[in-house]
Each structure stands twice: as C-alpha cells, then as structure tokens.
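# Chain and residue survey
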Amino acid sequence: TVWPALTVGGQVLGVLAALGAALSTALSQTAVRRLGATNSPALIVCIYGIGAAALLVPVTAVTGWVTPPASSWGALAVLGIAAALAQYAAVAAFRLGPVSYVAPLDFTGIPIAAAIGYALFGDVPSRYDLVGAVLIIGSAWFVIRTGPPR
C-alpha cells in the first residue's frame, strides 16, 4: 500500500472520483480562459449553472429526490451563494491570468477548507493534511513571488 488511507476499498473509489474531478476541473479552467476573452464572468457562471442543472436534474429524478429538512435550508442557501461567488471569482481570475499561473493558487482552498473544518466542526487535520497544507501554501507563495509565465 502506497498510502494508508487507500487500504479501505470505498476510499479507492473516492480517489478515482477525485481524479475525475481534477480532469474535469482542468478542462473547465482551460475553457473558462478562452470563453472569458469574449464573455462576462456573470454569463459564464449563469450558463454553468444552467448546464449543471440540466445534467443533474435527470440524475436526481432517477436516483430519487429527497427534500432537505427545513433546518438545512439556511446552510444550503449559504452554500449556493458561496458557490456562485467562488465560480464568479474563478472565472474572473482565469479570464485575467494564464491558467498555469492561476490554477496553482486555486489549491489554497484545500488548507483553507481544512482550517474552516477545524474551526467550525473540530475536524483535526492529520499529519498528511498538515504536510500537504505546507506544500500547497509554499507552492502558492512561490507562484506569487515568481509571477505569471512570460
């Protein structure tokens, strides 16, 4: 076993899903860079939302819709607003800077999410998480210090 967490079968599927997400993200970031030259961030985010809904509504219909309890609506609204703002900011960033410069900075969301998870839910990061956070923050600092490719 290369990594202790990969000894659990279900986690291997999670890793494969994450790799699929990484590929989709790379394709999306590259497309946004091109589309951002001729379209506003708001339009791109709006079309993204429509496309996501068109793709996921049938999936939800097949897998079974479960109405969230009213106690979750506030958190879901905050999640929707945060996701829309994140998409808008990402589109603006990729519109203004090269993917090879902006994409590494996007990874800072991982240690930020870990810090929020610790602060709000008491999720204690593992030593692997902490090493990864140091690598991500160090890499982001390096990218910022060296500037975009010329």
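None of these values were measured; they are calculated from a predicted model. (Residues numbered from 1 in each chain as written. Predicted model: local features only at pLDDT ≥ 70, side-chain atom pairs only at ≥ 80, totals over all residues. Heavy atoms only, no water.)

## Brief notes about the nonpolar core
- Membership of the largest hydrophobic core is limited to 9 residues, which are V32, I44, V45, V91, F94, Y101, V102, A103 and V143.
- Those elements that provide at least two residues to this core are α2 (41-63), α3 (73-96) and α4 (99-106).
- Ranked by the residues each element gives to this core, the list is headed by α4, at 3 residues.
- Not counting residues up to four positions away in its chain, the partners in contact with F94 are Q29, V32, R33, V99, V102 and A103. (Core = buried A, V, L, I, M, F, W, Y, C linked by side-chain atoms within 4.5 Å. Buried < 20%, exposed > 50% of the residue type's maximum accessible area, 1.4 Å probe, protein only. Helix = DSSP H or I, 4+ residues; strand = E, 2+ residues; numbered from the N terminus. Contact = heavy atoms within 4.5 Å.)

## Quick notes on the packing of α4 against helix α6 (residues 127-146)
- At a minimum axis distance of 9 Å, the contact between α4 and α6 shows a crossing angle of 150 degrees. One finds that α4 runs roughly antiparallel with respect to α6. Every pair of crossing elements has a handedness; the one defined by α4 and α6 is left-handed. Here Y101, P104 and L105 of α4 lie close against α6, whose contacting residues are A140, V143 and I144.
- Class assignment for the residues of the contact of α4 with α6 results in 6 nonpolar, no polar and no charged. (Axes fitted to C-alpha atoms, helices over the stretch in contact; angles between N-to-C directions. Parallel < 35°, antiparallel > 145°, perpendicular 65-115°, else oblique. Left-handed = near helix turned anticlockwise from the far one by under 90°. Nonpolar A, V, L, I, M, F, W, Y, C, P; charged D, E, K, R; others polar.)

## With respect to the confidence of the model for the chain
- When pLDDT is averaged along the chain, the result is 88, and 93% of the positions lie at 70 or above.
- Per-element mean pLDDT across the chain ranges from 84 in α4 up to 93 in helix α5 (residues 109-121). (pLDDT = per-residue confidence, 0-100.)

## Digging into α6
- With 20 residues, α6 should cover 28 Å at 1.5 Å per step; its first-to-last C-alpha distance of 28 Å lies within 8% of that length.
- Looking at α6, one finds that the buried residues are A133, I136, A140 and V143. The arc enclosing the buried residues of α6, seen along the axis, measures out at 100 degrees, which places them on a common side. For α6, exposure combined with an orientation more than 90 degrees from the buried face picks out R127, V131, V134, L135, W141, F142 and R145.
- Buried-residue contacts for α6 involve α4 and α5.
- The opening residue of α6, the one whose side-chain oxygen lies 3.2 Å from the backbone nitrogen of Y128, is S126.
- Residue G147 follows α6 closely and has a positive phi angle near 80 degrees. (Expected span 1.5 Å × (residues − 1). Arc of directions from axis to C-beta. Polar contact = N/O pair within 3.5 Å; in protein donor to acceptor, adjacent residues only side chain to side chain.)

## Description of a nonpolar patch on the surface
- Together, V12, L13, V15, L16 and L19 make up a nonpolar patch on the protein surface, roughly 450 Å² of accessible area in all.
- With respect to the element layout, V12 can be found in helix α1 (residues 9-35). (Patch = residues over 30% accessible without salt bridge, like charges linked within 9 Å, V, L, I, M, F, W, Y side chains within 5 Å. Areas by Shrake-Rupley, 256 points an atom, 1.4 Å probe, with all protein chains shown as cover. Salt bridge = Lys/Arg side-chain N within 4 Å of Asp/Glu carboxyl O.)

## What to know about the packing of α2 against α3
- In contact at an axis separation of 9 Å, α2 and α3 are set at 130 degrees when each is read in the N-to-C sense. Of the possible angle classes, the one that applies to α2 and α3 is oblique. Judged by the sense of rotation from one axis to the other, the crossing of α2 with α3 is right-handed. Taken together, the residues of α3 that come into contact with α2 (itself represented by P41, A42, I44, V45 and Y48) are A84, Q87, Y88, V91, A92 and R95.
- Residues belonging to the contact of α2 with α3 are distributed by class as follows: 9 nonpolar, 1 polar and 1 charged.

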